[in-house]
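Chains, contacts and geometry: an overview
Each chain, letter by letter, is given below.
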Amino acid sequence: MDRKERGPATDGAAPGIRNSRLRFRLLGSLQVHRGEYKIPVTAAKQRSVIAALLLRANRPVSIDELAQSAWSDDVPRRMVSALRVYVMRLRQLLGEPPLIGTTSTGYVLRIPDQDLDVGRFESLAAQGLAASASGELDVAETSFDQALAEWRGPALADVESEFLHRVNVPQLHDRRLDIEAARNDVVLRKGGHRGLIAPLRQLTEQYPFHEQIWAQLMLALYRSGRRTEAMNAYGAVRDLLADRLGIDPGQEVESLYSAILSRDPALDFTAEARNASPVATPSQVAPVVPDFVGRAAEADVIGELLGTRDTDTAMPVVTLYGPPGVGKTSLAAFVARQLRARFPDGQLFADLRGYSAQAPRPMTCVLAGFLRALGVPPGQVPAEQDEQAAVYRALLDGTRVLVVLDNADSAERVRPLLPGGPGCAVIVTSRHELRSLIVTNDARLVPLEVLSPDAALDLLARLLGQDVVAEQLDAVHRLAELCGHLPLALRVAAADLVGRGAPDVDAYVRKFGSGNLLDSPAAEGDEVTARGAFDPSYAELPEHARKGLSLPRTHGFTLHEAIGTLMARSGAHRPDQARRHGRACS
C-alpha cells in the first residue's frame, strides 16, 4: 500500500501529521485527507454514511436518513446496531472520535466549512454573487472560478448510495450549473462574449433544457456579429422544447429573440454597459405616518444607540419592545427615515409575523426577499437557508445598511437575518425583551409604553382636527382615557368618528360600550387593525382573564373589549392607566 494512503493509526507518519486538520471532498470522488496523507474509506456502507454526514455537516442527521443513505429501501432489521458499528469504525479510521457526535435522533459531523469542498464552494459562490450584484465584476469572476475549481467531476462519483444520488446529488449539480450561469453573466457584462461561445455550446448540449444558458449563447453570438447563428440557436431551443416537452420558450428567451430581430441597441456591448454598476440601494421601510407624535425621546435614544457605538468594529442591535398597539413599527419606521444619511447603502425591512394569526414567514422567504432587494437575480438566489445567509452576509460586508426586523417573537427568528460584520445596524421590534440577543449580540433594549396624556391629545387633534378638540376638550380627554392612550386604539376610534360625519365625541364616548370597533369602516380590510393586535394578545391572556372579557366571538368585538385586551397586555408598563381604563369600561 502506498504510504500516503495508510490510515493514521498504522501509517507511522512523522510527528505532527496526526494533529493536522482533516479535510474532506465530495465534489468528485469521496476523499479524506490529513495533511498530505490520504485516509482511505474502503467499505461501501461507511462511504455512504460519511457522505450523508458530510452533506449535512454541522447539522444532525437522523438514524432513518443514514439508513436510507446506506441501504435505500432495503433496510435491514438490525440497522441501528449496524449503523453504530459503521460510526465506530469511522471514528477509529479518522482518529478523532469527537468529530462525529451523537445526538438524540442520530449523529452529527462537526467540521469548519473550509475543511469541506462543498463548504468552500458555497462560500466562494456567495462571494461571487455578492460581488456581481455590487458591480465588482473582476472579483466576481475570480470568486466564481475558484468555486467551480472545487469540482473534480460528478459529485459522490464513487459513493454507492441510490438515495444520495437521487436526492442530494441533483441539488449539488443544479447549484453548480447556477453558478456557471452566474459566471457567464459576469463575463458577458465584461465583454467576453467571443470566448464564451464554445463553452456555452457545450453547456447547451449537456443541459439542453436550461433556457438561461441558451439565452446567454444567443446574446454571445449576437454580440460577436453572428446574428443569424443567434436566431438559429433560438430555433433550436424552441423546437427542442416543443418536441420533447410540448411547451414554448420562456419570457427571457422570447424577449431576447424579439430584441435580436429588431436589432435593439440595448443588446450591444458598450463601455457604458461594461462600467455600469448595478448596485442596488433598497428602501423597504414604509413611509412614516404624517401624524406621528409623542415619540421624540425614544427616537433619540434609538438613534444614539445606533450611532454612538463604533459601527466600524461592532454591529449595533436595538430591540424595541412593548405591548401590541403601542406603535413599535411606526417608531422603527420613523427612526429608519431619520437615519437614512447614516446608512446610505439602503434599508431592509421584514415583517416576521411572530404574533400574527398567520404562520410566521419562513426564513428562506425573508432571506430570498432581501437578496432580490440587494440585486441578486431571482434565478441565482440559493434555495437553502444557510446558502442564502452566506450570500446575504457577503453582500452586506463593507456596506452601511439598516435592517428592520418587525414582530419578532424569538431571538432564534432574528439571528439568521443579522448581518455578519460592522457597518450595518439592526432594529428589532417585539412584544418581548428577547434577552438572549443581549448575550449573543450585545443587543440594547428600548421599552415603549403607551402615549402620555398630552401626546394622546395631540394625536387626536391631528386626526379629528384642532377645532373639534378645542370645542369638545373634556370629551376628547375622556376618549383618550378610554383608549388607554394606546396609539392603535386612538387611531381606530378617531377613524370611526371621522366616518360618522361631524364628530360628536361626547355622544361617541357615552355610547362607547355598544360600538363595534372591528366592524367599523376604519377596521375593514386593514391588516393593522385592533383585531390584528387583539387575537394574539387574547390568546396569551390567562384563562380567568379571557373568561372575564366574555368576548362575543361570533359578532366581533366592541371597542371597549378590544382596547381592554390591549391594555391587559400594556398594564405592566402603565398600571395606573390600565386601572383607570378598567373602571371606565366596567
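Placed above this text is the structure.
So, here is what we can say about the structure in this document. Throughout, a residue's number is its position along its own chain's written sequence, starting from 1. Restriction of local features to residues with pLDDT of at least 70 applies here, the model being predicted, together with a cutoff of 80 or more for giving and counting side-chain atom pairs; totals for whole chains, interfaces and linings are based on all residues. Excluded from the side-chain calculations are hydrogens and water; all other atoms, namely the structure's heavy atoms, are used.

1. Concerning the overall build of the chain
- Check the secondary structure of the chain and you find 25 helices and eleven strands.
- Residue burial is assigned from relative accessible area. The probe radius is 1.4 Å, only protein chains are included, and a residue is buried under 20% of its type maximum, exposed over 50%, and partly exposed in between. Across the 586 residues in the chain, those meeting the buried criterion constitute 49%.
- For every accessible area listed, the method is Shrake-Rupley and the probe measures 1.4 Å; residues are considered covered only by the protein chains on display. For the chain, the accessible area works out to roughly 27000 Å², and carbon and sulfur atoms hold 50% of it. Per the convention used, a helix needs a DSSP run of H or I reaching at least four residues, while a strand needs a run of E reaching at least two, with both numbered from the N terminus.

2. Describing the side chain of Asp117
- Residue placement: Asp117 occurs in helix α4 (residues 117-133).
- Any two residues whose heavy atoms approach within 4.5 Å are treated as being in contact. Beyond its immediate sequence surroundings of up to four residues, Asp117 is in contact with Phe24, Arg25, Leu26, Leu27, Glu150 and Arg152.

3. Description of the nonpolar core
- Judged by nonpolar contacts, the single largest core of 93 residues is most densely connected at Phe24 and Leu405.
- Take this core: its biggest share by element is nine residues, from α4. As used here, the term nonpolar core means buried Ala, Val, Leu, Ile, Met, Phe, Trp, Tyr and Cys residues forming a set that is joined through side-chain atoms within 4.5 Å.

4. Remarks on the pairing of strand β10 (residues 425-430)
- In terms of burial, β10 is a largely internal element, six of the six residues being buried.
- Residue alternation in β10 divides its side chains into two sets, Ala425, Ile427 and Thr429 and Val426, Val428 and Ser430, and both sets are buried.
- Two strands are counted as paired when DSSP detects at least two bridges linking them. Sheet topology places strand β7 (residues 317-321) next to β10; five bridges connect them, and they run parallel. Looking at β10, one finds that Thr319 is bridged to Val428.
- Bridge count between strand β9 (residues 402-406) and β10: four bridges; the pairing is parallel. Each residue of the ladder has a partner; that of Leu402, found in β10, is Ala425.

5. A short note on the packing of helix α2 (residues 63-71) against helix α3 (residues 79-94)
- Between α2 and α3, the least distance of the axes is 10 Å, while the angle of their chain directions is 80°. Overall, the two elements α2 and α3 adopt an arrangement that is roughly perpendicular. Residues Ile63, Asp64, Leu66, Ala67 and Trp71 of α2 touch α3, and the partners they reach there are Met79, Val80, Ala82, Leu83 and Tyr86.
- Gly falls in the polar group here, along with every residue not listed as nonpolar (Ala, Val, Leu, Ile, Met, Phe, Trp, Tyr, Cys, Pro) or charged (Asp, Glu, Lys, Arg). Its residues placed into classes, the contact of α2 with α3 shows nine nonpolar, no polar and one charged. Angles shown run from 0 to 180 degrees and are taken between the N-to-C directions of axes, each axis being a line fitted to C-alpha atoms and, for helices, limited to the stretch in contact. If an angle is under 35 degrees, it is roughly parallel; if it is over 145, roughly antiparallel; if it lies from 65 to 115, roughly perpendicular; otherwise it is oblique.

6. Quick notes on the packing of aromatic side chains
- By convention, a stacked pair of Phe, Tyr or Trp rings (six-membered ring in the case of Trp) has centres within 6.5 Å and planes under 30 degrees apart, an edge-to-face pair has planes over 60 apart, and any other such pair is tilted. Following the criterion strictly, the structure yields four aromatic pairs and no others.
- Judged by centre distance (6.0 Å) and plane angle (35°), the ring pair of Trp71 and Tyr86 falls under tilted. Taken together, the positions of Trp71 in helix α2 and Tyr86 in helix α3 put the pair 15 residues apart, joining distant regions of the chain.
- Accessibility expressed as a relative area gives 13% for Trp71, which makes it buried.
- Aromatic side chains Tyr234 and Tyr257 sit 3.7 Å apart centroid to centroid with 10° between the ring planes, which places their arrangement in the stacked category. Of this pair, Tyr234 sits in helix α9 (residues 227-245) while Tyr257 sits in helix α10 (residues 251-261); the two residues are 23 residues apart in sequence, bridging distant segments of the chain.

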